[in-house]
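The chain contents come next:
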Amino acid sequence: MGKFEETASLTWEWLESIAQCSQTSDPDKEGVTRLCASKEHEEANRKLHDWMTMSGMEVRMDNAANLIGRYPSTNPDAKTLIFGSHQDTVPNGGKYDGILGVILPIALVNYFHNNQLEFPFHIDVIAFSDEEGTRFQSTLLGSKAISGIFDPAMLTAEDANGVSMRDALVSFGCNPDLISEDAYEKDNVLGFVELHIEQGPQLEQANLPVGVVTAMTGIERHTLSIIGKASHAGTVPMNLRQDALVGAAQVIHMFDQLCKREEDLVGVVGKIANYPNGVNVIPQQTDITIELRSPNDASRVKAREEMLADIDSLMNQYNLAYRHEQTYEQSAVTCADSLSSVLSNAVNLSGITPKHLYSGAGHDGLAVSKLTDIAMLFMRCTDGISHHPDEAILQQDLVAAVEVLNHFCLLMKAEQK
């Protein structure tokens, strides 16, 4: 077995082991449910602590419940290269989303340790406590904390049982009042690299094990209430109707066509509510949600302006009133050319054609970009499925990812000399 095959095999073994730290009794069939500051989180941290320690790392937990392992440089004043992703999952999620980006870097450090490889920088691997926001509906807790942008107001958020984030963290052994002191110093960090399953089909379609991420998408969300007039469906002539649902259908079609015109736009009308929702009643009000995403903020804003103008025109055309509210906006984050070019070179050195693609989902790098330059490596996942028990990867792709990140670390080492 080759050196990278052995490390990939260890990664697979650890991934299978930590999947058992789940509220579900059978992770293979029911998926993995592991929430922040839970019993399952504690069990996962114990495993991660043991694996980090056997890999020559110094281990600590910060006050946001992040578990941090450091493979120290021989120079105590060296800067730090950070790898990491999140340990938490969505309900009944997969075995690889997030945790892959924790386990594989630890296994790589294990290879460095066993081969006595030294670096002119510290290597930190972070298991972020909460990226998904499943328990407290407040995302990126861990990565915001290390980046110095944690908002203490998040501590008042409560879970379904009325337990606040503050109380959960205290019970977990943290001091939430000291979270601000756990942020990394910007001048002491070289950069951040996150390995993550793609959660999409592009790498599989290209028959490639990994790809280099160029940006993380910007996101905005809207609510639209279309207001018509309810009446008997059998007695009002078609040309005299004020049918809110017909108006909503026109908006949905318009939005779908708008997003299909541009390669860097995706969008969805995810929720719809109809009133009075009777089988023989002309709909009086239809409420929909609209989400728009793009790695290019200018494209997203332009699409929004066109969408709002088209909505106004359609409502006039169908004699309908409407209420609109933009409820959320998050700007896109571009991966740093300085790190991404090194990552692309590492992919090349591994005998893989570099494919560049953007992430349509959010990741911990969104927060860490406020601290330092970021880069991201996607790994192929079967059928592009994620957030689902059927989430799957290939062991051969683990070999490729280990080799790429090994080359990346060696290239970074050469740059630092």
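Residues numbered from 1 in each chain as written. Predicted model: local features only at pLDDT ≥ 70, side-chain atom pairs only at ≥ 80, totals over all residues. Heavy atoms only, no water.

### So, the layout of surface pockets
- In this structure, the largest pocket occupies an estimated 730 Å³ of space.
- Taken together, 27 residues form the lining of the largest pocket, with Thr-139, Tyr-328, Gln-330, Gly-362 and Leu-366 sitting closest to its centre.
- Taken together, the elements giving at least two residues each to the lining of the largest pocket come down to β7 (218–227), β11 (321–330) and α11 (365–368).
- Grouping the amino acids of the lining of the largest pocket by side-chain chemistry returns 9 nonpolar, 11 polar and 7 charged.
- For the lining of the largest pocket, the two domains that each supply at least three residues are domain 1 (4–217 + 332–416) and domain 2 (218–330).
- Volume-wise, the second largest pocket comes out at about 230 Å³.
- Along its surface, the second largest pocket is lined by 18 residues, and Arg-60, Arg-70, Thr-80, Asp-124 and Tyr-184 are the ones closest to its centre.
- Elements with a contribution of two residues or more to the lining of the second largest pocket: β1 (58–61), β2 (67–71) and β4 (122–128).
- Per-class residue counts for the lining of the second largest pocket are 6 nonpolar, 4 polar and 8 charged. (1 Å grid on protein atoms, 1.4 Å probe; cavity = no way out; pocket = protein on both sides within 12 Å on 5 of 7 lines; lining within 4 Å. Points joined across faces, edges and corners; volume = space filled by probe spheres on them. Helix = DSSP H or I, 4+ residues; strand = E, 2+ residues; numbered from the N terminus. Nonpolar A, V, L, I, M, F, W, Y, C, P; charged D, E, K, R; others polar. Domains from an automatic or database assignment.)

### Examining the pairing of strand β6 (residues 210–216)
- β6 sits mainly inside the fold: 6 of its 7 residues count as buried.
- With 3 bridges joining them, β6 and strand β14 (residues 374–379) adopt antiparallel strand pairing. What sits directly across from Val-210, in β14, is Met-379.
- In the sheet, β6 pairs with strand β13 (residues 356–359) via 3 bridges, with the strands oriented parallel. Bridge pairing links Val-213 to Leu-357 in β13.
- Judged from the 2 bridges that link them, β6 and strand β12 (residues 333–334) form a sheet pairing that is antiparallel. Paired with Ala-215 across the bridge in β12 is Thr-334. (Buried < 20%, exposed > 50% of the residue type's maximum accessible area, 1.4 Å probe, protein only. Pairing = 2+ DSSP bridges.)

### Brief notes about the packing of helix α1 (residues 3–18) against helix α12 (residues 395–416)
- Two numbers describe how α1 lies on α12: the axes approach to 8 Å, and their chain directions differ by 115°. Crossing angle aside, the handedness with which α1 passes α12 is right-handed. Note on element contacts: α12 touches α1 through Gln-395, Leu-398, Val-399, Val-402, Glu-403 and Asn-406, opposite Phe-4, Glu-5, Thr-7, Ala-8, Thr-11 and Trp-12.
- Tallied by class, the residues present in the contact of α1 with α12 amount to 6 nonpolar, 4 polar and 2 charged. (Axes fitted to C-alpha atoms, helices over the stretch in contact; angles between N-to-C directions. Left-handed = near helix turned anticlockwise from the far one by under 90°. Contact = heavy atoms within 4.5 Å.)

### So, the domain arrangement of the protein
- According to the domain assignment, the protein contains domain 1 (4–217 + 332–416) and domain 2 (218–330).
- Taking only C-alpha atoms into account, the centre of domain 1 sits 38 Å from that of domain 2.
- Contact residues are listed per partner, giving 9 residues for domain 1 and 10 residues for domain 2.
- Of the roughly 650 Å² buried between domain 1 and domain 2, counting both surfaces, carbon and sulfur atoms make up 47%.
- Three residues, Thr-217, Ala-332 and Tyr-358, lead the burial of domain 1 against domain 2; their summed loss comes to 73% of the area buried on that side.
- Summed over the shared surface of domain 1 and domain 2, the result is 0 salt bridges.
- There are 3 residue pairs in polar contact (both at pLDDT 80 or more) connecting domain 1 and domain 2.
- For the side of domain 1 that touches domain 2, a count of residues per class yields 6 nonpolar, 3 polar and no charged. (Buried area = accessible area lost by both parts, 1.4 Å probe. Salt bridge = Lys/Arg side-chain N within 4 Å of Asp/Glu carboxyl O. Polar contact = N/O pair within 3.5 Å; in protein donor to acceptor, adjacent residues only side chain to side chain.)

### A short note on empty space enclosed by the protein
- Scanning all chains against the criterion turns up 2 cavities of 30 Å³ or more.
- Here the largest cavity defines a volume of roughly 40 Å³.
- Taken together, His-86, Asp-88, Thr-89, Val-90, Gly-93, Gly-94, Asp-97, Glu-132 and His-387 form the lining of the largest cavity.
- Grouping the amino acids of the lining of the largest cavity by side-chain chemistry returns 1 nonpolar, 5 polar and 3 charged.
- As a volume, the second largest cavity reaches approximately 30 Å³.
- The wall of the second largest cavity is formed by Leu-15, Ile-18, Ala-19, Val-32, Arg-34, Thr-89, Gly-94, Lys-95 and Ile-99.
- Among the residues making up the lining of the second largest cavity, the classes are represented as 5 nonpolar, 2 polar and 2 charged.

### Description of the UniProt feature "binding site: allantoate" (unreviewed entry) in the protein
- The UniProt record annotates "binding site: allantoate" (unreviewed entry) at Arg-221, Asn-280 and Arg-293. Sequence-wise these annotated residues cover 73 residues; spatially they are dispersed, their C-alpha atoms as much as 36.8 Å apart. Of the annotated set named above, Arg-221 and Arg-293 line the largest pocket.
- Residue position: Arg-221 is located in strand β7.
- Under the relative-accessibility criterion, Arg-221 is labelled partly exposed at 33%.
- Once residues lying within four places of it in the same chain are set aside, the contact partners of Arg-221 are Ile-290, Glu-291, Arg-293, Glu-325, Gln-326, Thr-327 and Tyr-328.
- Mapping Arg-293 onto the fold places it in strand β10 (residues 285–294).
- Here Arg-293 is in contact with Thr-217, Gly-218, Ile-219, Arg-221, Asp-264, Leu-265, Val-266, Gly-360, Ala-361 and Gly-362, once residues within four sequence places are set aside. (UniProt positions renumbered as here; feature names shortened; annotations may be inferred.)

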